[in-house]
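The lines below spell out each chain.
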Amino acid sequence: EIWKYAHKNDFTIVTFDGDFYDLSKFKGFPPKIIWLRFGNTKTDFIALILNSKHALISDFIQSEAYSEIACLEIK
């Protein structure tokens with residue numbers, strides 16, 4: 001359901017779950033996936049990481065240079 005909703009509404013999925021990466025290989029994209037690979041942690045730390053990667057994430061979602069890439073891994 002998450003995959004379908006993101007696809008229909010042009011959203012990017014941010015997840016700790018590798019299953020979404022597997023879905024992107026099987027079904028293609030959109031939606032794009034941002035796969036957080038640093039394990040479960042506090043919300044404040046997640047916000048800090050995402051904010052520090054803002055330019056990269058924005059380019060990944062919007063730039064033509066990343067148009068053929070389905071998943072961005074953040075470690």
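Now for a description of the structure that goes with this document. (Residues numbered from 1 in each chain as written. Predicted model: local features only at pLDDT ≥ 70, side-chain atom pairs only at ≥ 80, totals over all residues. Heavy atoms only, no water.)

1. Digging into the overall build of the protein
A count of helices and strands for the protein gives four helices and three strands. In sequence order, the protein lays out its α and β elements as α-β-α-β-α-α-β. Scaling as 2.2 N^0.38, a compact globule of 75 residues should have a C-alpha radius of gyration of about 11 Å, and the protein matches this with 12 Å. Its C-alpha atoms give the protein principal-axis dimensions of about 30 × 25 × 20 Å. (Helix = DSSP H or I, 4+ residues; strand = E, 2+ residues; numbered from the N terminus. Rg over C-alpha atoms; globule rule 2.2 N^0.38 Å.)

2. Quick look at the pattern of salt bridges
Per the stated rule, a full pass over the model turns up two salt bridges. In this structure, Lys 4 engages Glu 1 in a salt bridge whose closest nitrogen and oxygen atoms are separated by 3.7 Å. The exposure class of Lys 4 is exposed, given its relative accessible area of 52%. Since its relative accessible area comes to 74%, Glu 1 is described here as exposed. Taking the shortest distance from any N to any O, the salt bridge between Arg 37 and Glu 73 comes out at 2.7 Å. Pair noted here: Arg 37 is in the loop between strand 2 (33-36) and helix 3 (43-52) and Glu 73 is in strand 3 (residues 71-74), with a separation of 36 residues, a long-range link. Judged by its relative accessible area of 40%, Arg 37 falls in the partly exposed class. (Salt bridge = Lys/Arg side-chain N within 4 Å of Asp/Glu carboxyl O. Buried < 20%, exposed > 50% of the residue type's maximum accessible area, 1.4 Å probe, protein only.)

3. Side note on unusual backbone geometry
The linkage connecting Phe 29 with the following residue, Pro 30, adopts the cis geometry, with an omega of 15°. With respect to the helices and strands, the residue Pro 30 is situated in the loop between helix 2 (19-27) and strand 2. Cis rather than trans, the peptide bond between Pro 30 and Pro 31 has omega equal to 5°. Positionally, Pro 31 belongs in the loop between helix 2 and strand 2. In this structure, Asp 10 is a non-glycine residue whose phi angle is positive, near 55°. By the secondary structure assignment, Asp 10 is in the loop between helix 1 (2-9) and strand 1 (13-15).

4. Some points on the sheet that holds strand 1
Pairing is parallel across the open sheet formed by three strands, whose spatial order is 1-2-3. Looking at which strands have only one partner, the edges of the open sheet turn out to be strand 1 and strand 3. Pairwise comparison of adjacent strand axes, ignoring direction, gives a mean angle of 15° for this sheet. Pairing of strand 2 with strand 3 involves four bridges; the strand directions are parallel. Of the residues in strand 3, the one forming a bridge with Ile 33 is Cys 71. Contacting strand 1, strand 2 and strand 3, helix 2 runs over the sheet at an angle of about 150° to strand 2. (Pairing = 2+ DSSP bridges. Axes fitted to C-alpha atoms, helices over the stretch in contact; angles between N-to-C directions. Contact = heavy atoms within 4.5 Å.)

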